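Survey of secondary and tertiary structure
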Amino acid sequence: MIWIFNFPDLIFGMTGGGPNNETHIVTTWMIKITQQGDYGRASALGLLVVAALLVFAVFFLMATREKKGARR
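Residues numbered from 1 in each chain as written. Predicted model: local features only at pLDDT ≥ 70, side-chain atom pairs only at ≥ 80, totals over all residues. Heavy atoms only, no water.

1. What about the overall build of the protein chain?
Scanning the protein chain from N- to C-terminus turns up four helices and zero strands. Scored against the burial criterion, the 72 residues of the protein chain give a buried share of 18%. Sequence separation of at least 24 residues holds for 20% of the intrachain contacts in the protein chain that already meet a minimum separation of 6. Put simply, the protein chain shows about 5900 Å² of open surface, and 65% of that area lies on carbon and sulfur atoms. (Helix = DSSP H or I, 4+ residues; strand = E, 2+ residues; numbered from the N terminus. Buried < 20%, exposed > 50% of the residue type's maximum accessible area, 1.4 Å probe, protein only. Contact = heavy atoms within 4.5 Å. Areas by Shrake-Rupley, 256 points an atom, 1.4 Å probe, with all protein chains shown as cover.)

As structure tokens, this is what we get:
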């Protein structure tokens, strides 16, 4: 999930939104909106992406944290 958010240029370059704009993800949608000149909406989407990545990062760190006293 985190990888998809970090490489929108790969997805956008391969599909460009695809047929009828059906293959957009949030970050490629943000690129498209920026190209249209609506920087306010694109920056709001960017903040949502940062918030979502923060949630995923915290979940990942909690899931992979080593317990105290646990044997390896």
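2. Quick notes on the packing of helix α3 (residues 26-35) against helix α4 (residues 39-64)
Relative to each other, α3 and α4 sit at 160°, their axes nearing to 8 Å. Our classification of the angle between α3 and α4 gives roughly antiparallel. Here the hand of the crossing between α3 and α4 comes out left-handed. Facing α3, whose interface residues are Val26, Thr27, Trp29, Met30, Ile33 and Thr34, α4 presents Tyr39, Arg41, Ala42, Leu45, Gly46 and Val49. Looking at side-chain class alone, the contact of α3 with α4 contains eight nonpolar, three polar and one charged residues. (Axes fitted to C-alpha atoms, helices over the stretch in contact; angles between N-to-C directions. Parallel < 35°, antiparallel > 145°, perpendicular 65-115°, else oblique. Left-handed = near helix turned anticlockwise from the far one by under 90°. Nonpolar A, V, L, I, M, F, W, Y, C, P; charged D, E, K, R; others polar.)

3. Some details on α3
Count 3.6 residues to each turn of an α-helix, and residues three or four apart come out pointing the same way. Turning to α3, its buried residues are Thr27, Thr28 and Ile33. Downstream of α3 by a residue or two, glycine 37 has a phi angle that is positive, lying close to 90°.

4. Overview of the pattern of salt bridges
For the structure shown, the criterion picks out one salt bridge. Between aspartate 38 and arginine 41 there is a salt bridge, and its shortest N-O distance comes to 3.7 Å. Note on aspartate 38: relative accessible area 32%, which makes it partly exposed. (Salt bridge = Lys/Arg side-chain N within 4 Å of Asp/Glu carboxyl O.)

5. As for a nonpolar patch on the surface
Together, Leu54, Val58 and Met62 give the surface a local cluster of nonpolar side chains, amounting to about 310 Å² of exposed area. The residue valine 58 is located in helix α4 in this model. (Patch = residues over 30% accessible without salt bridge, like charges linked within 9 Å, V, L, I, M, F, W, Y side chains within 5 Å.)

6. Details of the confidence of the model for the protein chain
Mean pLDDT over the protein chain stands at 79; residues scoring 70 or higher make up 68%. The secondary-structure element of the protein chain with the lowest mean pLDDT is helix α1 (residues 2-6), recorded at 66, while α4 shows the highest, at 90. (pLDDT = per-residue confidence, 0-100.)

7. Re α4
Compared with the 38 Å implied by 1.5 Å per residue over 26 residues, the 37 Å span of α4 between its first and last C-alpha is a close match. Listed in full, the buried residues belonging to α4 are Ala42, Leu45, Gly46, Val49 and Leu53. (Expected span 1.5 Å × (residues − 1).)

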